[in-house]
Amino acid sequence: MFFIFFELLSNMPELPEVEVVRSFLESRVIGKKILKVSTVNEKLRYKVPSNLNLSLKNLIITKILRRGKYLILFFRDSKLCLLIHLGMTGYFRLSDELVEKKHDHVIFFLTKKILIFNDIRKFGFIKIYCNNEIFLSSHLRNMGVEPLSKDFNLNYFNSFRKRAVDLKGLLMNQSFIAGLGNIYCSEILYDARLSPLRKINSLNNLEIRNIVKSTKKILKKAISFGGTTIKNFIVSEEKIGYFKNKLKVYSRDKKNCLRCLKGILIKKIRQNGRSTFFCEKCQK
DNA sequence: AGGGCTACCTGTACGC
DNA sequence: TGCGTACAGGTAGCCC
């Protein structure tokens, strides 16, 4: 007997992964009613609201948005909405029957489906907001530009020219650009052939255009890869949405640079307490 | 106010 | 085999 369920990511969700989860959930749970919410463990990054079941019971999911790495769920005829962050290991599992697993924290009983929030490291969270206040919340208020929108361009980047941080530090800053994490920052800078150590005020317009271009290119590619894995997914416990196998530089320290090839090795350094991977020869 | 650093958490990989 | 330790990274909150 197979259990058919969809397990959405369990590692390092950045913008593309969250977008894949968003579009998957959109295709599967829009129009469904929440019959009951059961909190198995309230100790996530923030305590799961104790009124979650009371507040959401009988509400119908109408819309799911993504902003940066956050998901926002809206409901029919309700002023409430849900703000969800997957942290580093959070994922959703959609299944036909209840099969609990270790680190399942919140269970949404929907019409004919069960949606489970699982998070090994508990860096994720679920919060309730009024939908006219959600974008003013501390989480979203200072959030930077969406990288795939037209607002992320040369002019926008130039307004941050005077920042003292290095290039990778700026890309990691959610109030500059929303949704990039440690993995995609390395990938984007490798694609743009720019060193993560570059100072912002040393960048010329061409280089900034390249960053913008590479950012959009890499993110779009990752999203479409995640989408593809969903389409091909039938019955399996395999995690989906992984872009991991497609990474060109992240986690490849001491391996040959895929552009420079023989003898030129990817270097791993620490920036702001995080690892960065790059090629000293082709990223200037 | 920008920027640097750390705690939070658990699983995994590694050295001895 | 087993134990201890380092590492992985998103975010908020702290301090300077």
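What you see is a predicted model; the values in this text were computed from it and never measured.

Enquirer: Tell me what's going on with the environment of phenylalanine 278, and back it up with residues and numbers.
Expert: Position of phenylalanine 278 among the secondary structure elements: in strand β13 (residues 274–278). With 258 residues separating them along the chain, phenylalanine 278 and valine 20 place their C-alpha atoms 27 Å apart. In this structure, phenylalanine 278 is in contact with Ser195, Pro196, Leu197, Val249, Ile266, Lys267, Ile269 and Gln283, ignoring residues within four places of it in sequence.

Enquirer: Please give an account of unusual backbone geometry that cites residues and values.
Expert: One non-glycine residue, serine 251, lies in positive phi territory at about 70°. Overall, serine 251 belongs to the partly exposed group, its relative accessible area being 42%. Positive phi is not limited to glycine here, since asparagine 272 has a value of about 50°. Positionally, asparagine 272 belongs in the loop between β12 (267–271) and β13.

Enquirer: Lay out the side chain of lysine 216 in plain terms, naming residues and giving numbers.
Expert: Within the element layout of this structure, lysine 216 appears in helix α6 (residues 205–231). No salt bridge is formed by the buried lysine 216; its nearest oppositely charged neighbour, aspartate 151, is found at 8.5 Å. If we skip the residues at most four places from it in the chain, lysine 216 touches Pro147, Leu148, Ser149 and Phe152.

Enquirer: Can you tell me about the confidence of the model for chain A, naming the residues and giving the values?
Expert: For chain A, the mean per-residue pLDDT works out to 89, and 89% of the residues sit at or above 70. Within chain A, strand β2 (residues 34–39) carries the highest mean pLDDT (98), whereas strand β1 (residues 5–8) carries the lowest (49). Note on residues 1–5: pLDDT is under 50 here. Beyond four places in sequence and across chains, it has 17 contacts. In the model, residues 231–242 has pLDDT below 50 throughout and makes 29 contacts with residues more than four positions away in sequence or in other chains.

Enquirer: Residues and numbers for helix α5 (residues 182–191), please.
Expert: α5 sits mainly inside the fold: 9 of its 10 residues count as buried. Positioned one or two residues after α5, arginine 193 has a phi angle of 60°, which is positive.

Enquirer: So what's going on with the sheet that holds strand β3 (residues 61–67)? Which residues, and what values?
Expert: The strand order β3-β4-β5-β9 describes an open sheet built from 4 strands, whose pairing is antiparallel. The open sheet has two edge strands, β3 and β9 (125–130), and neither has a second partner. Each adjacent strand pair in this sheet contributes to an overall mean axis angle of 25°, direction not counted. The pairing of strand β5 (residues 80–85) with β9 spans 6 bridges and is classified as antiparallel. Counterpart to isoleucine 84 in the pairing with β9 is isoleucine 126. Along the sheet face, helix α1 (residues 15–29) touches β3 and β4 (70–75) and points at about 170° away from the line of β3.

Enquirer: Talk me through the pattern of salt bridges; I want residue IDs and the actual numbers.
Expert: Taken as a whole and judged by the stated rule, the model has 11 salt bridges. A salt bridge links lysine 47 to glutamate 42, with the nearest nitrogen and oxygen atoms 3.6 Å apart. Note on glutamate 42: relative accessible area 35%, which makes it partly exposed. Linking lysine 217 and aspartate 191 is a salt bridge whose minimum nitrogen-to-oxygen distance equals 2.8 Å. Here aspartate 191 lies in helix α5 and lysine 217 lies in helix α6, a separation of 26 residues in the sequence. If you follow the salt bridges from partner to partner, you end up with Glu19, Arg22, Glu26, Arg66, Arg67 and Glu146 in one network.

Enquirer: How would you sum up the protein's contact with DNA strand B? Please name residues and give values.
Expert: The environment of DNA strand B is made up of Lys102, His103, Ile120, Arg121, Lys122, Phe123, Arg163, Ala164, Val165 and Asn272. Counting only atoms of DNA strand B within 4 Å of the protein, the fraction found in sugar and phosphate groups is 71%. In this structure, lysine 122 approaches DNA strand B through a side-chain N or O atom, which is 2.5 Å from a phosphate oxygen. Between alanine 164 and DNA strand B, the recorded distance is 2.4 Å, taken from a backbone N or O atom to a phosphate oxygen.

Enquirer: Report on the protein's contact with DNA strand C, specifying residues and quantitative values.
Expert: Neighbouring DNA strand C are 20 residues, the closest being His85, Met88, Arg121, Phe123 and Tyr250. Taking the atoms of DNA strand C that fall within 4 Å of the protein, sugar and phosphate contribute 59% of them. At a separation of 2.6 Å, a phosphate oxygen of DNA strand C approaches a polar side-chain atom of lysine 268. Among the elements of the structure, β12 and β13 are those that each provide at least two residues to the surface near DNA strand C.

Enquirer: Explain the nonpolar core to me, and be specific about the residues and the numbers.
Expert: Grouped together as the largest cluster of nonpolar side chains are 28 residues, with contacts concentrated most on Leu56, Leu82, Ile84, Phe92 and Phe108. Counting residues per element, this core draws most heavily on α1, at 5 residues. Discounting residues that sit within four places of it in the chain, isoleucine 84 has contacts with Lys69, Tyr70, Leu71, Leu73, Phe92, Phe117, Phe125 and Ile126. Core analysis: the next-biggest nonpolar cluster, separate from the first, contains 27 residues, Leu15, Leu167, Ala192 and Ile211 among them.

Parameters at a glance
Residues numbered from 1 in each chain as written. Chains lettered and ligands numbered in written order. Predicted model: local features only at pLDDT ≥ 70, side-chain atom pairs only at ≥ 80, totals over all residues. Heavy atoms only, no water. Helix = DSSP H or I, 4+ residues; strand = E, 2+ residues; numbered from the N terminus. Contact = heavy atoms within 4.5 Å. Buried < 20%, exposed > 50% of the residue type's maximum accessible area, 1.4 Å probe, protein only. Lys, Arg positive; Asp, Glu negative; His and termini not counted. Salt bridge = Lys/Arg side-chain N within 4 Å of Asp/Glu carboxyl O. pLDDT = per-residue confidence, 0-100. Pairing = 2+ DSSP bridges. Axes fitted to C-alpha atoms, helices over the stretch in contact; angles between N-to-C directions. Near = heavy atom within 4 Å. Polar contact = N/O pair within 3.5 Å; in protein donor to acceptor, adjacent residues only side chain to side chain. Core = buried A, V, L, I, M, F, W, Y, C linked by side-chain atoms within 4.5 Å.

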